[in-house]
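Fold and contact review
Now for the letters of each chain:
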Amino acid sequence: MKITFLGHGYVGLVTATVFADLGNTVHVIGHTKDKIDNLNKGIIPIYEPGLSEVVQRNIKSKRLFFTLDYSPYIQESDIVFIAVGTPPKKNGEADLTTVFEVAEKIGKNLSGFTVVATKSTVPVGTNKKVKEIISKTKPEKAEFEVASVPEFLREGSAIGDTLNPDRIIIGTESKKAEALLVELHKPIDGHFVLTNLETAEMIKYASNSFLAVKISFANAIAKLSELTGADGIKVLEGVGLDKRVGKEFLQPGAGYGGSCFPKDVKALISIAKGYGYKFALLEEVEAINRNSRNDIVRKAEKLLGTFKNKKISVLGLAFKSNTDDMRDAPSIDIINMLKEKKAFVQAYDPQAMNNAKKIISGIEFCEDIHHTVQDANLLIVLTEWNEFKEIDLREVKKLMKTPLIIDGRNIYDSEKLKKMGFTYLGVGR
Ligand code: UDX
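Residues numbered from 1 in each chain as written. Predicted model: local features only at pLDDT ≥ 70, side-chain atom pairs only at ≥ 80, totals over all residues. Heavy atoms only, no water.

1. What to know about the nonpolar core
- Of all hydrophobic cores here, the largest spans 55 residues; its most connected members are Leu-317, Leu-338, Ile-380, Phe-388, Leu-393 and Tyr-412.
- Ranked by the residues each element gives to this core, the list is headed by helix α13 (residues 330–340), at five residues.
- Not counting residues up to four positions away in its chain, the partners in contact with Leu-338 are Val-297, Ala-300, Phe-307, Ile-312, Val-314, Ala-343, Val-345 and Ile-380.
- Listed in part, the 39 residues of the second largest apolar core include Val-14, Phe-19, Leu-39 and Leu-64. (Core = buried A, V, L, I, M, F, W, Y, C linked by side-chain atoms within 4.5 Å. Buried < 20%, exposed > 50% of the residue type's maximum accessible area, 1.4 Å probe, protein only. Helix = DSSP H or I, 4+ residues; strand = E, 2+ residues; numbered from the N terminus. Contact = heavy atoms within 4.5 Å.)

Okay, structure coming up:
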């Protein structure tokens, strides 16, 4: 099939590449010349394990192309995917400006019959608006149908998630569009849910919000376990083994971050508000998440007393491992709080340093783990990189001024560390 993608962020770039790898001819339209030039050379703007190789392979095989031009690719396409960003506005609402801008341009370039499918996370009702915009701008003879095909890939495991999704959601009012989208997705191993536009739009927000609920619930139980003397990790293991609950996304820690959960929880609160429903549960989920970040700083205060003239080393800046993404990473808030309290912070991340430098200032970015922990009064781990799990902690202890560790992702064995002479605080234990 001939497919066009609007947008080459995580969702656009990964799904476009996977569809090309499955044998389709895929054009990806961007709007920044430098980025498109780089992509055509196989240089991708994000760190995602394995992605660069698959992009390069498909460019070579002439199945994957990056361009600034809408014409003639939209006209020639069977399916056009909208995969542009929907960042949060100040009030939490999703900003749909780019979605509507590209819808207008798609409309102007349509020819024959085309399915226009939205992959971006958009509030209920957006695809109907996309349909209205295209109807107004399209050439008279061109025919089209809209569909909502939300994407559930996670950063760090994006290609695997796209090829083996738990489910493939296709929302559309048109049987013809549904059949075409089912055919495109057939080589992908996933359970199909065929439904209407509004349901598909809502499934994405409900899924991400539910996962955020699980994480905040885990963080609340972890907090209560710390207060009561229960082992929060064991409590959550015990809870998660019940198949009705499931053990995934019950890891307590510094809280959720990233480009999706914080934004989508806010957006669903805002969508609900628009319909006169106060989604208090999700407001509390956000509050618990903020507190999980604050708690890391409270623990640091408990260990150090004052931060004045204290060196705190932070291992891990990205919002999770296997990504260089710093969007809404807990490290940003935590480091800012430490700085405000006059701590001297030195930090390291295996992939996110360049992105972190654009967002965080007034700290020392170190080249490796050893430099980061050198002479530190306290070590805080904020991302669960394998590299950190494997460090020689005896060596770390020798380099640090005082052997204090706050393990914000529970990556270390607390008993082992205590035996080594560390004062160790995890989350929930
Ligand atoms: C998420 C969804 O998982 C994915 O389906 C959707 O398409 C996009 O949003 P992503 O943001 O890439 O994916 O990362 P994810 O692995 O879900 O983690 C999100 C955040 O939750 C991270 O900050 C992670 O550290 C945190 N998290 C996750 C926890 O704190 N505890 C957990 O048990 C799981």
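2. Description of the pairing of strand β2 (residues 25–29)
- The element β2 is largely enclosed, with a buried count of four among its five residues.
- As paired elements, strand β1 (residues 2–6) and β2 share five bridges and run parallel to each other. Looking across to β2, one finds that Leu-6 is bridged to Ile-29.
- Handedness of the crossover is the feature at issue here: the chain leaves β1, passes through helix α1 (residues 10–21), returns alongside β2, and the resulting connection is right-handed.
- Here β2 runs beside strand β3 (residues 64–67); their pairing, made up of four bridges, is parallel. Among the inter-strand pairings, Ile-29 is bridged to a residue of β3, identified as Thr-67. (Pairing = 2+ DSSP bridges. Right-handed = clockwise from strand over helix to strand, strands pointing away.)

3. Some points on the site of the ligand
- If you check the shell around the ligand, you find 19 residues, and the closest are Phe-152, Leu-153, Glu-155, Gln-251 and Lys-320.
- Between the ligand and Leu-153, the relevant distance is 2.9 Å, taken from an oxygen atom to a main-chain nitrogen or oxygen of the residue.
- Within the backbone of Leu-250, an N or O atom sits 3.3 Å from an oxygen atom of the ligand.
- With the chains in place, 92% of the 670 Å² that the ligand exposes on its own is no longer accessible.
- Residue contributions to the shell around the ligand peak at three residues, all from helix α9 (residues 197–228).
- For the shell around the ligand, the class distribution of residues is nine nonpolar, four polar and six charged.
- Looking at which domains feed residues into the shell around the ligand, each of domain 1 (2–195) and domain 2 (293–425) gives three or more. (Near = heavy atom within 4 Å. Polar contact = N/O pair within 3.5 Å; in protein donor to acceptor, adjacent residues only side chain to side chain. Areas by Shrake-Rupley, 256 points an atom, 1.4 Å probe, with all protein chains shown as cover. Nonpolar A, V, L, I, M, F, W, Y, C, P; charged D, E, K, R; others polar. Domains from an automatic or database assignment.)

4. A look at the packing of helix α12 (residues 280–304) against α13
- The contact between α12 and α13 brings their axes to 9 Å, and the two run at 40°. The way α12 lies across α13 gives a crossing that is right-handed. Packed against α12, whose contacting residues are Arg-293, Asn-294, Ile-296, Val-297 and Ala-300, the element α13 presents Pro-330, Asp-333, Ile-334, Met-337 and Leu-338 at the interface.
- Across the contact of α12 with α13, the residue classes break down as seven nonpolar, one polar and two charged. (Axes fitted to C-alpha atoms, helices over the stretch in contact; angles between N-to-C directions. Left-handed = near helix turned anticlockwise from the far one by under 90°.)

5. Focus: the sheet that holds strand β4 (residues 79–82)
- The sheet built from eight strands is open, its strands ordered β3-β2-β1-β4-β5-β6-β7-β8 with mixed pairing. The two strands at the open ends of the sheet, each matched to only one other strand, are β3 and β8 (191–195). The sheet shows a mean angle of 25° between the axes of neighbouring strands, direction not considered.
- Most of the contacts of helix α6 (residues 126–137) go to strand β6 (residues 143–148), to which it runs at about 165°, and overall it touches β4, β5 (113–118) and β6.
- With respect to the sheet, helix α8 (residues 175–185) is in contact with β1, β4, β5, β6, β7 (167–172) and β8, its orientation differing from that of β7 by roughly 160°.

6. Comments concerning the sheet that holds strand β12 (residues 378–381)
- If you walk across this open sheet you meet the six strands as β11-β10-β9-β12-β13-β14, and the pairing is parallel. Since the sheet does not close on itself, it has two edges, and those belong to β11 (364–365) and β14 (423–425), each with one partner.
- The pairing of strand β10 (residues 344–348) with β11 spans two bridges and is classified as parallel. Paired with Ala-347 across the bridge in β11 is Phe-365.
- Against the sheet, α12 touches β9 (311–315), β12, β13 (404–407) and β14, its axis set at about 165° to β13.

7. Comments concerning the packing of aromatic side chains
- Tallying each qualifying case throughout the model produces seven aromatic pairs.
- Centre to centre, the rings of Tyr-256 and Phe-261 are 6.0 Å apart; their planes meet at 80°, and the pair counts as edge-to-face.
- Between the aromatic rings of Tyr-277 and Phe-279, the centroid separation amounts to 5.4 Å while the plane-to-plane angle is 55°, which identifies the pairing as tilted.
- Given a relative accessible area of 48%, Tyr-277 falls into the partly exposed group.
- Ring-pair connections join several aromatic residues into one group, and the members of that group are Phe-5, Phe-19 and Phe-81.
- Arg-167 extends its terminal NZ or CZ atom over the ring of Phe-152, reaching a point 3.7 Å from the ring centre.
- Looking at Lys-204, its charged tip hangs above the ring of Phe-152, at a distance of 5.7 Å from the centre. (Phe/Tyr/Trp six-rings, centres within 6.5 Å; stacked < 30°, edge-to-face > 60°. Lys NZ or Arg CZ within 6 Å of the ring centre and 35° of its normal.)

8. Section: the pairing of β10
- Counting buried positions over the five residues of β10 gives four, a clear majority of the element.
- Remark: the β9/α13/β10 crossover connection has right-handed handedness.

9. Overview of helix α3 (residues 51–60)
- Every buried residue of α3 is listed here: Leu-51, Val-54, Val-55, Asn-58 and Ile-59. All buried residues of α3 project into a common sector of 135° when viewed along the axis, lining one side.
- Looking at the buried positions of α3, the neighbouring elements they touch are α1, α2 (33–40), β3 and α7 (158–163).
- Once α3 finishes, Lys-62 follows within two positions and takes phi at roughly 60°, a positive value. (Arc of directions from axis to C-beta.)

10. With respect to unusual backbone geometry
- The omega torsion across Ser-71 and Pro-72 is 10°, close enough to zero to call that bond cis.
- When you line up the elements, Pro-72 lands in the loop between β3 and α4 (73–76).
- Positive phi, normally seen in glycine, also occurs at Lys-62, with a value near 60°.
- Residue placement: Lys-62 occurs in the loop between α3 and β3.
- Assessed through its relative accessible area of 60%, Lys-62 is described here as exposed.

11. So, the domain arrangement of the protein
- According to the domain assignment, the protein contains domain 1 (2–195) and domain 2 (293–425).
- Using only C-alpha atoms to locate each centre, domain 1 and domain 2 end up separated by 38 Å.
- At the junction of the two partners, domain 1 supplies eight residues and domain 2 supplies nine residues.
- One can count one salt bridge joining domain 1 with domain 2.
- For Arg-327, the salt bridge identified is with Glu-155, shortest N-O distance 3.7 Å.
- The interface formed by domain 1 and domain 2 holds four residue pairs in polar contact (both at pLDDT 80 or more) in total.
- A per-class count over the side of domain 1 that touches domain 2 returns four nonpolar, one polar and three charged. (Salt bridge = Lys/Arg side-chain N within 4 Å of Asp/Glu carboxyl O.)

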